[in-house]
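# Tertiary structure, described
Each chain, written out:
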Amino acid sequence: MNKVYILLANGFEEIEGLTCVDLMRRAGIEIEMVSITGSLTVKGARGITVTADSQLQDIADDGTMVILPGGMPGTNYLKESKPVRDMVTAYYESGRYVAAICAAPTVFGDMGILKGKKATCYPGMEAGLIGAEWPGETETVVVDGNIITSRGLGTAIDFALKLIELLIDKDKADAIAKSVVY
């Protein structure tokens, strides 16, 4: 069974985070919303308050994927958090999936895990993809090994469907896309 953790910081982009949660749950994937704020309450970039399922310090190291939604200042909080960086490093080094969308791929760049990899991010933030090969504006989701990146809230459905495809298969991703009239 796949278990996914999505890390939520104050100022996360709600559409990016919650689209992943919604579509992955529709696909039957266990996805847990994890707060890095010190409480279960997380306030998104547009002022939407979300109650997370757990706090970062309380989760086990049992996931198959960790997801970082973008948004500001949420991405900066993710980047500044040693526990977040430690988790991403552990997942990446063990071959588990690490995924990020919008500004959040710059967390991976800052950590040095994009060297020699293809990655994308929010337009104008490409300098934060330190060491990565940027494939250009035409690719909405980029997969390179166990790293998955995407461009922004307008690509959130594509991103979530790609994650479902990687964790289950393309047929399931296509079925979820059809069920939401995508």
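Residues numbered from 1 in each chain as written. Predicted model: local features only at pLDDT ≥ 70, side-chain atom pairs only at ≥ 80, totals over all residues. Heavy atoms only, no water.

Our focus in this paragraph is the overall build of the protein chain. A count of helices and strands for the protein chain gives six helices and nine strands. The C-alpha atoms of the protein chain give 15 Å as radius of gyration, which agrees with the globular expectation for 182 residues (16 Å, within 12%). Looking at the protein chain as a whole, 51% of its 182 residues qualify as buried. Taking as baseline every contact in the protein chain between residues at least 6 positions apart, the subset at least 24 positions apart corresponds to 64%. As displayed, the protein chain has an accessible area near 7,800 Å², and 50% of this comes from carbon and sulfur atoms. (Helix = DSSP H or I, 4+ residues; strand = E, 2+ residues; numbered from the N terminus. Rg over C-alpha atoms; globule rule 2.2 N^0.38 Å. Buried < 20%, exposed > 50% of the residue type's maximum accessible area, 1.4 Å probe, protein only. Contact = heavy atoms within 4.5 Å. Areas by Shrake-Rupley, 256 points an atom, 1.4 Å probe, with all protein chains shown as cover.)

On to the pairing of strand E2 (residues 30–35), then. Of all six residues in E2, five are buried, a share of seventy percent or more. A crossover connection joins strand E1 (residues 3–8) to the parallel E2 through helix H1 (residues 14–26); in handedness this β-α-β unit is right-handed. Relative to strand E5 (residues 54–55), E2 is paired through two bridges, and the arrangement is parallel. Following the sheet pairing, Ser35 is matched in E5 by Gln55. (Right-handed = clockwise from strand over helix to strand, strands pointing away. Pairing = 2+ DSSP bridges.)

On to the packing of aromatic side chains. Counting across every chain of the model gives zero aromatic pairs. In this structure, Arg96 packs its charged tip against the face of Tyr91, placed 3.8 Å from the ring centre. (Phe/Tyr/Trp six-rings, centres within 6.5 Å; stacked < 30°, edge-to-face > 60°. Lys NZ or Arg CZ within 6 Å of the ring centre and 35° of its normal.)

Before going further, it helps to spend a moment on the side chain of Gln55. Within the secondary structure, Gln55 is located in strand E5. Taking relative accessible area as the criterion, Gln55 reaches 15% and is therefore assigned buried. Polar contacts involving the side chain of Gln55 include one to the side chain of Gln57, which spans 3.0 Å. The residues touching Gln55, leaving out its near neighbours within four places in the chain, are Val34, Ser35, Gly38, Ser39 and Leu40. (Polar contact = N/O pair within 3.5 Å; in protein donor to acceptor, adjacent residues only side chain to side chain.)

Moving on: the sheet that holds E1. A sheet is described by the order of its strands in space; here seven strands give the open sequence E5-E2-E1-E6-E7-E9-E8, paired in mixed fashion. Strands with a single pairing partner mark the edges of an open sheet, and in this sheet they are E5 and strand E8 (141–144). Examined bridge by bridge, strand E6 (residues 65–68) and strand E7 (residues 97–101) share four bridges and lie parallel to one another. Across the sheet, residue Leu68 finds its bridge partner in E7, namely Ala100. Across the sheet, helix H5 (residues 156–167) touches E1, E6, E7, E8 and strand E9 (147–150), and the angle it forms with E7 is around 170°. (Axes fitted to C-alpha atoms, helices over the stretch in contact; angles between N-to-C directions.)

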